[in-house]
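Examination of the molecular architecture
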Protein chains: 2
Amino acid sequence: MAGLHEVAKLSGVSKSTVSRVINNEYGVKASTKEKVQKAIDECGYVANQVARDLKLQKTNLIGVIVPRMSSNATAKGLDGLSSVIELAGKHVLLANSQQDNEKEIEYIKRFNQKRVEGILLYATHLDEALVKAIKQSAVPVVLIGQDGSLFNIPSIIHDDVGVGFNAGLRLLEAGASNIGFIGVNSQDIAVDQCRFQGLTQSLQHSRQISALFHSRGEFTIESGYQQTKQLLLDWPQLDGLFCATDRIAIGAMKAISEANKIPGKDIKVLGVGNDELGLVCTPSLSTFNYAFDLSGKKSAQVLLDLIENKQADVSKLVMSFENIFRQSC
Amino acid sequence: MAGLHEVAKLSGVSKSTVSRVINNEYGVKASTKEKVQKAIDECGYVANQVARDLKLQKTNLIGVIVPRMSSNATAKGLDGLSSVIELAGKHVLLANSQQDNEKEIEYIKRFNQKRVEGILLYATHLDEALVKAIKQSAVPVVLIGQDGSLFNIPSIIHDDVGVGFNAGLRLLEAGASNIGFIGVNSQDIAVDQCRFQGLTQSLQHSRQISALFHSRGEFTIESGYQQTKQLLLDWPQLDGLFCATDRIAIGAMKAISEANKIPGKDIKVLGVGNDELGLVCTPSLSTFNYAFDLSGKKSAQVLLDLIENKQADVSKLVMSFENIFRQSC
DNA sequence: TTGAAAGCGCTACCAA
DNA sequence: TTGGTAGCGCTTTCAA
């Protein structure tokens, strides 16, 4: 591929002048500019950004690590953050950790080698190894979805405890009093622990009761279905069910219907996330809306700020939520 | 940030030797290796991939351009292709064109500057400007979702005509004979044109009839709903409806229900894409499954092959589909 | 087994 | 308004 050198030779000027033309700098005679431009077109010159990046010590690259692409949260989040990053004239280097904790760490290292300017990490957990890897990163890391502020890692999180608390309130208000919770795995502080904790608090606070159970499974409709089938047998008195995600809730409603109970009547059901799935299913799912695209944008802004100013204005940003009232509760 | 030079000074050897240690090359005395390793740990050296890339003239970067992230097709596709690219030891540079035709072209250029090794382009259209931009790309471009093989652009497409044809057959077989089509915009050859063309062919072939109408709108549930509300008024005899996407079909079913007709009984409805939404809605949506993750993988494989061998083994790859039978038809 | 030096393609400083 | 030159951080050849 043609380089500056060739263009210079072809147009009979020096590399410096060609460089000036390419970068639209002042102080180049119009006629030379033209001459150079012609040579550029002629040999199809394309500036080599790698060489530039090395020289300028700046890559305009933002690393983004996600656990998987096909989830409401990450897809919407990516849409949000990519628009902010693009507006800042930077690019997204994307890595899919496929829920593998070791890969997450591996990517943080690889991104540092690539000299990204910062890293956005969609986290589903936060263990010692991950914290250490983040600490060792030479470039700033912003966490999305889990709270790392205790370790001094800037984090954008959703108000999971608040959602849990409100879930309890809504379920009680709808007349339920035997309330269970289906979460995910206990490593996921935000989704499993915080949401359950909020539920427990509101149940205690309002009625001095506890949750019937805290079941755990995957993030899928199928998992919600299977768990609920069993739970219905174990807890016949169940009349309120809070599910950590909408998909789980939809699976749960299916199991409830199959057991000849009516979701939203015999058993109130609540999900989290405002997945479009909840809008089209029957009965439609009452849930909580998290503005995933907005949290994507915010996290990008926080990171860009961190890159710019070398220090954090915010250490934790808790996104609010919205109650979505539909048929299931 | 510490460089090779510092490590060399710190360990009292030359840069060459440090480089050898870093790259695990043979012919370094164990004791020197150790010495160097200690120095590396000491000053927290992280190899600069930008400099390497420049020297080696190789970036291991694959550019991926998508119209938007939060769509079933792209999210699943990204999951598929990223796993293949990762396995090949390469990285994904992601760009979100936000359905903007000019941005697509802009990104192709920017990716060339970044010296990506190849580009994967999720296309929703294919006009002259885009073809020209692809032709001008110094690195191979693989098209996903639209057929560019006429312009000699390697393409991974879904069998849209085949789906349309089968849709006609299924609708007729279910007893419908007044059949309409809701597409998107006419620029989208694959989704709008081909699917309609297939439908037309099967209707002609089986019964020598034509489609009642070819309506057009957006890719959304709402758009399907609004269009169908009007179409029901215009075509009271309608008893079969083929929708270019599942979302449109779901909106259509809502409008049908509201008009006191039963989707799947009074009016048979068929979508395309096997979106999970179709599984949870009532009545559940009969549709066609496209293996989006697989087409993502395939396209990555084709591109890697193209990069490796500098020439295309396949110029067009048509992915098959699967009939999904549910309640709506 | 190690080191010196050239050079990847560019920018930017200084001199002309 | 232009050109020469140094150097970004690395790999690799050649010589020692």
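Residues numbered from 1 in each chain as written. Chains lettered and ligands numbered in written order. Predicted model: local features only at pLDDT ≥ 70, side-chain atom pairs only at ≥ 80, totals over all residues. Heavy atoms only, no water.

In this section: the sheet that holds strand β9 (residues 268-270) of chain B. Strand pairing within a sheet occurs via backbone hydrogen bonds; the two strands may be parallel or antiparallel. All names here are of chain B. Taken together, the four strands give an open sheet; going across it, the order is β7-β6-β8-β9, and neighbouring strands pair in parallel fashion. On the outer flanks of this sheet lie β7 (214-216) and β9, each paired with one strand and no other. On average, adjacent strands in this sheet sit at an angle of 20° to one another, irrespective of strand direction. Together, β6 (179-183), β7 and β8 (240-243) form the strand contacts of helix α9 (residues 189-207), whose direction differs from that of β6 by roughly 170°. (Pairing = 2+ DSSP bridges. Helix = DSSP H or I, 4+ residues; strand = E, 2+ residues; numbered from the N terminus. Axes fitted to C-alpha atoms, helices over the stretch in contact; angles between N-to-C directions. Contact = heavy atoms within 4.5 Å.)

Let's shift gears to the protein's contact with DNA strand C. As a structural note, the neighbourhood of DNA strand C is formed by 26 residues, with Leu4, Ser19 and Tyr45 of chain A together with Arg20 and Thr32 of chain B the closest of them. Near the protein, meaning within 4 Å, the atoms of DNA strand C are sugar or phosphate in a fraction of 61%, with bases accounting for the rest. The side chain of Thr32 of chain B places a nitrogen or oxygen atom 2.6 Å from a phosphate oxygen of DNA strand C. With respect to DNA strand C, the side chain of Gln57 of chain B contributes an N or O atom lying 2.9 Å from a phosphate oxygen. Among the secondary structure elements, those contributing two or more residues to the surface near DNA strand C are α2 (15-22) and α4 (49-56) of chain A together with α2 (15-22) and α4 (49-56) of chain B. Of the residues that constitute the surface near DNA strand C, the class distribution is eight nonpolar, eleven polar and seven charged. (Near = heavy atom within 4 Å. Polar contact = N/O pair within 3.5 Å; in protein donor to acceptor, adjacent residues only side chain to side chain. Nonpolar A, V, L, I, M, F, W, Y, C, P; charged D, E, K, R; others polar.)

Turning to the pairing of strand β8 (residues 240-243) of chain A, a few remarks are in order. Residue and element names in this part refer to chain A. Covered by surrounding structure in β8 are Gly240 and Phe242 together with Leu241 and Cys243, the residues of both alternating faces. Bridge count between β8 and strand β9 (residues 268-270): three bridges; the pairing is parallel. Paired with Leu241 across the strands is Val269, a residue of β9. Remark: the β8/helix α11 (residues 246-258)/β9 crossover connection has right-handed handedness. (Buried < 20%, exposed > 50% of the residue type's maximum accessible area, 1.4 Å probe, protein only. Right-handed = clockwise from strand over helix to strand, strands pointing away.)

Time to look at the domain arrangement of chain A. Here chain A is partitioned into domain 1 (4-47), domain 2 (58-159 + 292-321) and domain 3 (160-290). On a C-alpha basis, the centres of domain 1 of chain A and domain 2 of chain A stand 39 Å from each other. (Domains from an automatic or database assignment.)

In this section: the relation of the copies chain B and chain A. For these two chain copies, the linking operation is a rotation about an axis paired with a shift along it. Of the transformation placing chain B onto chain A, the axial shift is 0.0 Å and the rotation is 180°, giving an RMSD of 0.1 Å. In symmetry terms, the pair is related by a two-fold rotation axis. Most of the interface of chain B is mirrored in chain A: 100% of its interface residues are interface residues there too. (Least-squares fit on C-alpha atoms with pLDDT ≥ 70 in both.)

Residues and elements named next belong to chain A. Ordered in space as β7-β6-β8-β9, the four strands form an open sheet in which the pairing is parallel. Two strands bound the open sheet, and with one partner strand each, they are β7 (214-216) and β9. Across the sheet, the mean angle from the axis of one strand to that of its neighbour is 20°, orientation sign disregarded. Two elements, strand β6 (residues 179-183) and β8, share four bridges in a ladder whose sense is parallel. Within β8, the position partnered with Ile179 by the bridge is Gly240. Where helix α9 (residues 189-207) meets the sheet, it contacts β6, β7 and β8, and its direction lies at approximately 170° from that of β6. In the packing of α11 onto the sheet, the strands contacted are β6, β8 and β9, and the crossing angle to β8 comes to about 150°.

This next bit is on the interface of chain B and chain A. With 45 residues of chain B at the interface, the matching set in chain A holds 45 residues. When the two sides are added together, the surface that chain B and chain A hide from each other amounts to roughly 4300 Å², 58% of it contributed by carbon and sulfur. Three residues, His91, Lys114 and Arg115 of chain B, lead the burial of chain B against chain A; their summed loss comes to 15% of the area buried on that side. For Lys103 of chain A, the salt bridge is made with Glu86 of chain B, and the minimal N-O distance between the two is 3.8 Å. Inspection of the region where chain B meets chain A yields 25 residue pairs in polar contact (both at pLDDT 80 or more). Elements that contribute at least two residues to the side of chain B that touches chain A include exactly α4, α5 (72-87), β2 (91-96), α6 (101-113), α11 (246-258) and α12 (277-280) of chain B. Top contributing element to the side of chain B that touches chain A by residue count: α5 of chain B, with seven residues. Residues belonging to the side of chain B that touches chain A are distributed by class as follows: 21 nonpolar, twelve polar and twelve charged. In this structure, strand β2 (residues 91-96) of chain A lies alongside β2 of chain B, joined through three bridges in antiparallel fashion. Counterpart to Leu93 of chain A in the pairing with β2 of chain B is Leu93 of chain B. (Buried area = accessible area lost by both parts, 1.4 Å probe. Salt bridge = Lys/Arg side-chain N within 4 Å of Asp/Glu carboxyl O.)

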